[in-house]
Amino acid sequence: MKGISFIIKTVKNRGIFSLWKSVSAYLKGRSFLIAVIILVLGCIIVFRPTVHKQVREESSTSDIHKIKHVVIIMQENRSFDSYFGTFPGADGIPMKNGVPTVCVPNPVSHKCDAPYHDTKDKNVGGPHGQNNAVADIDGGKMDGFVSQVLAKKGSIFNSVFTDVMGYHTDKEIPNYWAYAKNFVLNDHLFESSASWSLPSHLYMVSEWSAKCSKSGDPSSCINALQNPGNPQSQNLTAIRHTIIGKCRLGVETASCRKALAAVGISSQMASELHTIISQNCATSANYNACKSAIDRSVIPNSLKKELATAASKLAPPDYAWTDLTYLLHKENVSWGYYIFNGTEPDCENDSDMTCAAVPQSYKTLGVWNPLAYFDTVKEDHQLGNIQPINNFYQNAREGSLPAVSWVVPTDVVSEHPPASISAGQAYVTGLINTIMKGPDWNSTAIFLSWDDWGGFYDHVKPPQVDENGYGLRVPSIVISPYAKKGYIDHQTLSHDAYIKFIEDDFLGGKRINPVKDGRPDPRPDVRENSPQLGDLEKDFDFSHSPQKSLILPGGKIY
């Protein structure tokens, strides 16, 4: 036993070569074979436990299946620098002695606007469509933010000042910073698409933004980053400018009389037209009812044609390409899409910064409720999985969360300018507190993020992975009892990483891949397999016991 103890001590302190010399001296004059046997035996004794320990640690840290529930909480319109530009250790706003060393040209003042601490609870931001993303990025100069706001016609900023260069700290968003300090902050996560909210939400559930010409035919879909098939909530705006929209309030209104006179309609025909519009083409009407009434009507064919063109704007889009729920359904993986009833968070026109409110609910199809337009959801009879947000609170309390949840806000809590930041933070805190207090917390991963940059400044040039993106950098926090505490993940990521994690956890790594998933569509690539995309599994450490919940103050339940 003394000999074995001597061997172990020697290996640990001085290494194998020293062990060999020591054994040789110890057994000098004895059998060389005996010396070798003792040496090998000692190595086995010393190293065997260590090797096993490494294997156990490796397997435990990659045990992704401890996560039984993934919750994606998607807020609105903030860049990474606008929320975490001064977060310690993150790739934030370049500074020296606390003073920003970067600035963006102001074409009105002919000065250079630097980032500044914005303590206001409400912001305005900037336009954030595809063209605005290209201009803001400006080939990697990241200097178009101010000019895009000031160039916007009808901008509420009719002066030199904008707030797109403003950033917030833990003074304004203490809970978001608390989550980042106690869990994982992703400081190089970019929006999947270089565009606005509709493409972003389409990528969130399907990894593509497209427009399809034939219902039920995935092969008829084409790439459409800026203008995919528009939900009916958007089409209601477009129809206002047609003869149907102008005559909805009656044929005696000035706008209707002018529209009727332009096409030479008599008063008798106007009465017939009013009946068609008021009874069959009202705001709540669907395309089929309106079109059928027009076809039955006894009016000149030229007018029928014009009405049919106007009615076509009521036609809902058909999202025929494949989405994630198709794969989840095939593998019997549960999912829920939870919508906060109220009004839509963003304008129907992506480049507008202010607009009239549009109603939103789980029954209202729109930009933030795109799944109901997917053929797969209808064919799989899963429209019922699109639910009001109160169901989410109940599921979280009872421990009946589905495997995959998407949670979408209403305008007032979305943080989409000009909505209150504090109201959005209270809403998100309420969601997370509810999950943490519930039975499912120990097996849950929460991905908290913002759908696009909202026109706000960010200094990091997005990687180009294909013709659609990535878009600009947005905040992302991974919250889980297995998340590495206080860890900043510098991997290149996008919202695609959320779907990749879900696929790895629940689908055995199967992707939305037109070559393999059974529904071929002409998407440009399989985003989850991009060589530039990092792996969110690295944000977890499954070798330790689950962290305790972090119940924060100020949470609000709706």
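Throughout what follows, the structure given in this document is the object of discussion. (Residues numbered from 1 in each chain as written. Predicted model: local features only at pLDDT ≥ 70, side-chain atom pairs only at ≥ 80, totals over all residues. Heavy atoms only, no water.)

1. Describing the overall build of the protein
Piece 1. Summing up its helical and strand segments, the protein has 19 helices and 20 strands in all.
Piece 2. For the protein, the residues scored as buried account for 56% of the 558 residues in total.
Piece 3. The contacts of the protein with a sequence gap of at least 6 include a subset with a gap of at least 24, amounting to 79%.
Piece 4. Summing over all exposed atoms, the protein offers an accessible surface of approximately 23600 Å²; the carbon and sulfur share of this is 54%. (Helix = DSSP H or I, 4+ residues; strand = E, 2+ residues; numbered from the N terminus. Buried < 20%, exposed > 50% of the residue type's maximum accessible area, 1.4 Å probe, protein only. Contact = heavy atoms within 4.5 Å. Areas by Shrake-Rupley, 256 points an atom, 1.4 Å probe, with all protein chains shown as cover.)

2. Things to note about the pattern of salt bridges
Piece 1. Summed over the entire model, instances satisfying the criterion amount to ten salt bridges.
Piece 2. For the salt bridge of Glu 331 with Lys 510, the shortest nitrogen-to-oxygen distance reads 2.7 Å. Placement of the pair is Glu 331 in the loop between helix H15 (324-330) and strand S12 (335-339) and Lys 510 in the segment after helix H19 (496-506), with a sequence separation of 179 residues.
Piece 3. A relative accessible area of 35% means that Glu 331 is categorised as partly exposed.
Piece 4. Note on Lys 510: relative accessible area 46%, which makes it partly exposed.
Piece 5. The residue Arg 511 makes a salt bridge to Glu 503 at a minimum N-O spacing of 3.0 Å.
Piece 6. Among the charged side chains, a salt-bridge network with shared partners connects Asp 81, Asp 458 and Arg 473. (Salt bridge = Lys/Arg side-chain N within 4 Å of Asp/Glu carboxyl O.)

3. A few points about the state of the cysteines
Piece 1. Evaluation of the coordinates by the stated rule reveals two disulfides.
Piece 2. Between the sulfur atoms of Cys 103 and its disulfide partner Cys 112 the distance amounts to 2.1 Å. Between Cys 103 and Cys 112 the disulfide shows an S-S torsion of about 95°. By sign, it is right-handed.
Piece 3. Using a relative accessible area of 39% as the deciding quantity, one classes Cys 103 as partly exposed.
Piece 4. Assessed through its relative accessible area of 40%, Cys 112 is described here as partly exposed.
Piece 5. Each sulfur in the disulfide pair Cys 212 and Cys 221 lies 2.1 Å from the other. Across the S-S bond linking Cys 212 and Cys 221, the dihedral sits near 95°, which makes this disulfide right-handed.
Piece 6. Cys 221 sits in the buried class, given a relative accessible area of 2%. (Disulfide = S-S within 2.5 Å.)

4. Comments concerning the pairing of strand S16 (residues 404-408)
Piece 1. Here S16 lies mainly inside the structure; five of its five residues are buried.
Piece 2. Neither face of S16 is left uncovered, since the one carrying Val 404, Trp 406 and Val 408 and the one carrying Ser 405 and Val 407 both have all their residues buried.
Piece 3. Relative to S16, S12 runs parallel, the two being bridged by five bridges. Of the residues in S16, the one forming a bridge with Ile 339 is Val 408. (Pairing = 2+ DSSP bridges.)

5. Observations regarding the environment of Ile 477
Piece 1. Within the secondary structure, Ile 477 sits in strand S18 (residues 476-479).
Piece 2. Along the backbone, Ile 477 and Trp 450 are 27 residues apart, and their C-alpha atoms lie at a distance of 10.0 Å.
Piece 3. Setting aside residues no more than four positions away along its own chain, Ile 477 makes contact with Phe 84, Tyr 176, Tyr 179, Ala 180, Val 184, Leu 185, Asn 186, Ile 446, Phe 447 and Leu 448.

6. Notes on the nonpolar core
Generally speaking, nonpolar side chains in soluble globular proteins are found buried as a group.
Piece 1. Within the largest apolar cluster, 101 residues are counted, with the highest numbers of intra-cluster contacts made by Phe 84, Tyr 337, Trp 406 and Phe 447.
Piece 2. Of all the elements, helix H18 (residues 421-437) adds the most residues to this core, at seven residues.
Piece 3. Contacts of Phe 84, omitting those with residues within four sequence positions, involve Ala 90, Gly 92, Tyr 176, Trp 177, Ala 180, Leu 185, Pro 475 and Ile 477.
Piece 4. Core analysis: the next-biggest nonpolar cluster, separate from the first, contains 14 residues, Ala 133, Met 142, Leu 150 and Val 164 among them. (Core = buried A, V, L, I, M, F, W, Y, C linked by side-chain atoms within 4.5 Å.)

7. Quick word on the packing of helix H17 (residues 389-398) against H18
Piece 1. In the contact formed by H17 and H18, the axes pass within 8 Å of each other and the chain directions differ by 30°. Each of Ile 389, Phe 392, Tyr 393, Ala 396 and Arg 397 in H17 lies in contact with H18, whose residues at this interface are Tyr 427, Gly 430, Leu 431, Thr 434 and Ile 435.
Piece 2. When the residues that make up the contact of H17 with H18 are grouped by side-chain class, the tally is seven nonpolar, two polar and one charged. (Axes fitted to C-alpha atoms, helices over the stretch in contact; angles between N-to-C directions. Nonpolar A, V, L, I, M, F, W, Y, C, P; charged D, E, K, R; others polar.)

8. Brief notes about the packing of aromatic side chains
Piece 1. Inspection of the entire model under this criterion finds 26 aromatic pairs.
Piece 2. Between Tyr 427 and Tyr 558, the ring centres sit 6.2 Å apart and the planes meet at 65°, which makes this aromatic pair edge-to-face. Within this pair, whereas Tyr 427 is found in helix H18, its partner Tyr 558 is found in the segment after H19, the two being separated by 131 residues in sequence.
Piece 3. Taking the centre distance of 4.7 Å and the plane angle of 10° together, the rings of Phe 447 and Tyr 498 count as stacked. (Phe/Tyr/Trp six-rings, centres within 6.5 Å; stacked < 30°, edge-to-face > 60°.)

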